[in-house]
Each structure stands twice: as structure tokens, then as C-alpha cells.
Amino acid sequence: MAKYILALDQGTTSSRAIFFDQEGQIISAAQKEFRQIYPQPGWVEHDPDDIWGTQIGVASEAMARAGASPRDIAAIGVTNQRETTLIWDRATGRPIYNAIVWQCRRTAPHCEQLKAAGYGERIKARTGLVIDAYFSGTKAAWILDNVPGARPRAERGELAFGTVDTWLIWNLTGGRVHATDVSNASRTMLYNINNGDWDEELLSILRVPRALLPEVKPSSALYGESIPELLGAAIPISGVAGDQQAATFGQACYAPGTVKNTYGTGCFMLMNVGHHAVASPGGLLTTVGWRLGAEHPTVYALEGSVFIAGAAVQWLRDELNLIQSAAETGPIAASIPNTGGVYVVPAFVGLGAPYWDGFARGVIVGLTRGSGRAQIVRATLESIAYQTRDVIEVMTRDAGLQLEALRVDGGASRNDWLMQFQADITGVPVQRPAVTETTALGAAYLAGLAVKFWHSPEQIAANWRVDHTFEPQISRDQRDHLYRGWGRAVERSRQWADGG
């Protein structure tokens, strides 16, 4: 009898593998960071071999740590950094260019052309997305236009497009399966979330041949089996979801109105809005949450995407050398009563929801002669919480719902100081679950449901436990005063890169 689900969690800066038991508890885990490539200012790439090599490497490592044999693994679940775009040769499996990462802004001019041509409303109505370089469609078009010979080869069906989930599934199955799930497809700017298919008109507008695209499947379904030489046996791959949708599922946000926020490289808040897509006049995305097999209806979500969250802490460590590890930031922030009016706006790759300003850039404002390391570190942490409130303000208004609690996960959710400030600045309780690896957990749950390792979402929801609840501790006047200062700082960052 199989005892575990193996979750492969391929993130922006590292690959993780985690073994979960039937109670949703972590049995073993392994993680490895990989190289970030910055060819030009605003450009971000990954080596596809680094993505695959680190991911299969940590899978083997976690398996050894669990003391598991292949027959102990009921299924594999895959979750991934979304929107990151790869194109490879179907015959050889070799990429024709590096992966263009979701953070990359190289296609911002193309996006401005699409907006100027009047495609904004049409794209939003069909995909739930705003036109932005964040999404996969313009990245795929860029590769086709800039790699010699790529476009005619794509039209002949010789090349394959995929987001990271598709790349992993292709490699896990030895090139036998070219597929993605509904949640990842909904992030491409090519997929019609209303009829559940690639949209021919959008493919034409973005000049992406349909022959390039993967099959779209439910998030919980049998995709294929891993080739035996990878993990010692053929293991079903039966759960796939983009990282934020997987985290929402792992947080048991199964009722409309429930909300989770993931603090990773970026910061991503999703609200379950049920079986009907809800439009957002305020600049949030309408996205597919998941689909539990062909017999179930699609679950939709509203999403607010903040591009830089944990990456700002990495910036403090790697570029400014103000800290040696992320763990230092909480005590440093707590060492002073406030920032003395200093705000950091980490718009290193533009601003996401609700601003969608690809030309914003990072700023530090409010500096005085007395400002130093502690103020900048604290202001950087605070920026993560302020950006989250930006999203909450719009999400509750557009959905017509009040937020009763914010469920949190991801690396920075373990920072008690930040979570307390998050509760303070939003005025709502922040609930951190006992298992904060909810992205991997969601992928495991989706995979386990498909192979009957778990039998229902209700059974899974019973596993969810709160580790700690952070209650707001400052007055409404205090939080509004601080938030007004944040708004002024954001205005200084807007449209910087185009001289506006």
C-alpha cells in the first residue's frame, strides 16, 4: 500500500521536493537554489537544464531522506512558478532559448503596442488578465521572433511551448506527454477561461501557432507516468497546478470568499469566488483556480499579484549586504520603534496589482541623516505588508465581500514580526497554518485525489490546522496614517523608467 505523495515544487529561485503522508504532514524535504540570469536591465532568465536538473535531483534526495521505495509513492503532484515560458524541440527535447521568467519585462513595449491597438478589453474579457509582460503569451512571441528559424519551425509543429509544469511533465515522461493544467493555461494570455480552450483570435493577435501548444487537462487527473529510470518505477503524475492556485488548494480555501496570501519571491493573494468568473474593475486578475477532474466544474479566483516580496529581502542580502540571512530581518525591524518616515517601494520589475505599471521602478524615500540599516531593513519588510493591503482593498471591494481572516503561507510567513505588522496594517487577523509549505501540499492533494489517496476535499480540509493567529494591535488611525505615507511613496515610483 502506497504511503506517500511526492510533491515537486519548482519555484523561481529554488526547486523543492516534499513527501507528504495521508494526514498532510511532511515526511521529508529537499531544496536546491539555482542560478538567476540577468542579460539586460529588466530581463530575467533561467537555464531550463537548471530547472529540470535541480528538480529531479531534490526528488531523489527527498526520497532517500524519507527512506521510501518507489512502491511507497502513490502519485506525483507538480506545482510551478507560473508564466515562465519555455520553447523546445519536440524531437530532441532541447530548449531553443533560455526560460523567460515571469518577472522579465522585455516584452513591455509589445504589451504597450497591444494596448494602443485597443485589445485590452477583448483580452481581459476572454482571459481575465490585463495586458502585461508578466504573462506567457508575449514571451512566447518574443522567442519565436528572436530565435532564428523558430517561427516557421513552430508553424510546422516541430517545437513545443510550455510553462514550467509542462517542461517538468515532458521530462518526467521522457517526452511522451505535452500537457498543462487549466490553472497554468489561464496565465498565458492565450486561453479563454469562459469556454476552456485556447483562443484562436488571441493566438492570431499574439502570433503564436496552435501547433506549439500543450493539451489542457484538469488540475487533478492522470497525466501520465514517470519513466522508471528516474525514480526507480513508473509513478503516476496526477496533480498539476500553478504555485498560487496550488497554495490556495493546500490552504483549504474551498468556500467562496476564503482568501490566502503566499509570501514567496512575489506576493500572491487569491480569493475563491466559486464556479463563475468574477470581473475586477479595480485591476485584479480573474483566473482559474482549479478543476477536480472532467466531471467537476471549474473553480475561479480573483488574484492580486505583487511582483517583489521575498525577492526584496534577497536584495537586502545580496546587493546591499545589509543582512546575511532573512532570519535577521525580524529582530532588526523590532530593534527600532518605526522607520522614521522611510518607505521602500521595491518596484524592481514594475508594479503589479492593482497598479499594473511596468515602468515603475524601486525607490527609497523619506531618508534623513539618521536613517540607516535598521530603517531600510524594516521599511523593506513593511513594503511586503503594504503591497498586500493594496490588493485587499481592491479585492474586497470588487468581490463585494469583507475579509474575516487572511490565511498565509510561503517563506516570509514564518517571520513573526512581518506577520504581526501584516495584521496591524490590514486590521484583520492573520492565520498561519501548522504546515506552511502549502504550495507543495496543494499539489500533493490534487495528485492524491486523482488516485484516491484522499477521497474528497472535505477529508483534506480536516487536515488544516492553525499554528498561530496574529491579531491587529494598532489603532485604525495609526494604520491609516502609515498607509497614506505608503501611497505617497508609491506615487514617486510610478512611470519612472519611461521618464514620466
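Just above sits the structure.
Report follows, based on the coordinates.

What counts and how
Residues numbered from 1 in each chain as written. Predicted model: local features only at pLDDT ≥ 70, side-chain atom pairs only at ≥ 80, totals over all residues. Heavy atoms only, no water. Pairing = 2+ DSSP bridges. Helix = DSSP H or I, 4+ residues; strand = E, 2+ residues; numbered from the N terminus. Axes fitted to C-alpha atoms, helices over the stretch in contact; angles between N-to-C directions. Contact = heavy atoms within 4.5 Å. 1 Å grid on protein atoms, 1.4 Å probe; cavity = no way out; pocket = protein on both sides within 12 Å on 5 of 7 lines; lining within 4 Å. Points joined across faces, edges and corners; volume = space filled by probe spheres on them. Nonpolar A, V, L, I, M, F, W, Y, C, P; charged D, E, K, R; others polar. Phe/Tyr/Trp six-rings, centres within 6.5 Å; stacked < 30°, edge-to-face > 60°. Buried < 20%, exposed > 50% of the residue type's maximum accessible area, 1.4 Å probe, protein only. Lys NZ or Arg CZ within 6 Å of the ring centre and 35° of its normal. Salt bridge = Lys/Arg side-chain N within 4 Å of Asp/Glu carboxyl O. Expected span 1.5 Å × (residues − 1). Parallel < 35°, antiparallel > 145°, perpendicular 65-115°, else oblique.

**Some thoughts on the sheet that holds strand β16 (residues 267-274)**
A sheet is described by the order of its strands in space; here 7 strands give the open sequence β17-β18-β16-β15-β21-β22-β23, paired in mixed fashion. Of all strands in the sheet, those with a lone pairing partner are β17 (285-290) and β23 (466-470), marking the two edges. For this sheet the average axis-to-axis angle between neighbouring strands, irrespective of direction, equals 30°. Where β16 and strand β18 (residues 299-306) come together, 7 bridges link them in antiparallel fashion. Looking at the pairing, Met271 lines up with Leu302 of β18.

**A closer look at the sheet that holds strand β2 (residues 14-20)**
Read across the open sheet, the 6 strands follow the order β3-β2-β1-β5-β14-β13; overall the sheet is mixed. With partners counted over all chains shown, the strands left at the sheet margins are β3 (26-33) and β13 (220-225), one partner each. Strand-to-strand twist of the sheet, defined as the mean angle between neighbouring strand axes without regard to direction, takes the value 25°. Pairing between strand β1 (residues 4-10) and β2: 6 bridges, direction antiparallel. Residue pairing across strands places Ala7 opposite Ile18, the latter belonging to β2.

**Side note on unusual backbone geometry**
The residue after Ala353, namely Pro354, is reached through a cis peptide bond having omega -5°. Tracing the backbone through its elements, the reader meets Pro354 in the loop between β19 (343-345) and β20 (363-365). The phi dihedral of Lys452 is positive, around 65°, even though this residue is not glycine. Mapping Lys452 onto the fold places it in the loop between α15 (438-450) and α16 (457-461).

**Here we look at the side chain of Thr439**
Counting through the fold element by element, Thr439 comes out in helix α15. Setting aside residues no more than four positions away along its own chain, Thr439 makes contact with Asp9, Thr79, Asp243, Ala246 and Ala247.

**Focus: the layout of surface pockets**
Volume-wise, the largest pocket comes out at about 960 Å³. Of all the elements in the fold, those that place two or more residues in the lining of the largest pocket are β2, β3, α10 (243-250), β15 (259-263), α11 (310-318), α12 (329-334) and α15. It is α11 that provides the largest number of residues to the lining of the largest pocket, a total of 5 residues. Its residues placed into classes, the lining of the largest pocket shows 13 nonpolar, 22 polar and 9 charged.

**Structural notes on the packing of aromatic side chains**
To describe a pair of aromatic rings, one takes the distance between the centres and the angle between the planes. Taken as a whole, this structure holds 24 aromatic pairs when the rule is applied. Where Tyr254 meets Trp290, the ring centres are 6.3 Å apart and the plane angle is 85°; that geometry is what we call edge-to-face. On the criterion of sequence distance, the pair formed by Tyr254 in the loop between α10 and β15 and Trp290 in strand β17 is long-range, its members being 36 residues apart. When the ring of Tyr386 is compared with that of Phe421, the centres are 5.6 Å apart and the planes differ by 90°; the resulting orientation is edge-to-face. Of this pair, Tyr386 sits in helix α13 (residues 373-399) while Phe421 is found in helix α14 (residues 416-426), placing the two residues 35 residues apart along the sequence. On the accessibility criterion, Phe421 (6% relative accessible area) is buried. Here a set of aromatic residues connected by ring pairs shows up, and it is made of Trp102, Tyr134, Phe135, Phe268, Phe307 and Trp356. The ring centre of Tyr223 lies 5.5 Å from the NZ or CZ of Lys217, which sits over that ring. Positioned above the aromatic ring of Trp464 is the side chain of Arg407, whose terminal nitrogen or guanidinium carbon lies 3.8 Å from the ring centre.

**Thoughts on the pattern of salt bridges**
All told, the structure shown has 32 salt bridges when counted by the stated rule. Arg65 serves as the salt-bridge partner of Glu61, at 2.6 Å between the closest nitrogen and oxygen. Pair noted here: Glu61 and Arg65 are both in helix α1 (residues 48-66), with a separation of 4 residues, about one helical turn. Its relative accessible area of 33% is what places Glu61 among the partly exposed residues. Among the charged side chains, a network of salt bridges with common partners joins Arg82, Glu83, Arg187, Asp243 and Glu303.

**Quick word on α13**
Here α13 contains 27 residues, and its C-alpha end-to-end distance of 40 Å stays within 8% of the 39 Å for a straight helix at 1.5 Å per residue. Taken across its 27 residues, α13 has 23 buried, putting it largely inside the fold.

**Observations concerning the environment of Arg492**
With respect to the secondary-structure elements, Arg492 resides in helix α17 (residues 476-493). Sequence-distant contacts of Arg492, defined by excluding residues within four places in its chain, comprise Val363 and Val365.

**A look at the packing of α10 against α15**
Contact geometry of α10 with α15 gives a least axis separation of 7 Å together with a crossing angle of 75°. One element, α10, and the other, α15, form an angle in the roughly perpendicular class. Residue-level contacts link Asp243, Ala246, Ala247, Phe249 and Gly250 of α10 to Thr438, Thr439, Leu441, Gly442, Ala443, Tyr445, Leu446 and Leu449 of α15. In terms of residue class, the contact of α10 with α15 is built from 8 nonpolar, 4 polar and 1 charged.

**Side note on empty space enclosed by the protein**
Scanning the model with the defined rule gives 3 cavities of 30 Å³ or more in all. Quantified by volume, the largest cavity comes out at close to 100 Å³. Every residue lining the largest cavity is counted, 15 residues in all, and those nearest its centre are Leu441, Tyr445, Asn463, Trp464 and Arg465. By residue number, the principal contributor to the lining of the largest cavity is α15, which donates 3 residues. A per-class count over the lining of the largest cavity returns 8 nonpolar, 5 polar and 2 charged.

On their own, these measurements won't tell you what the molecule is for.
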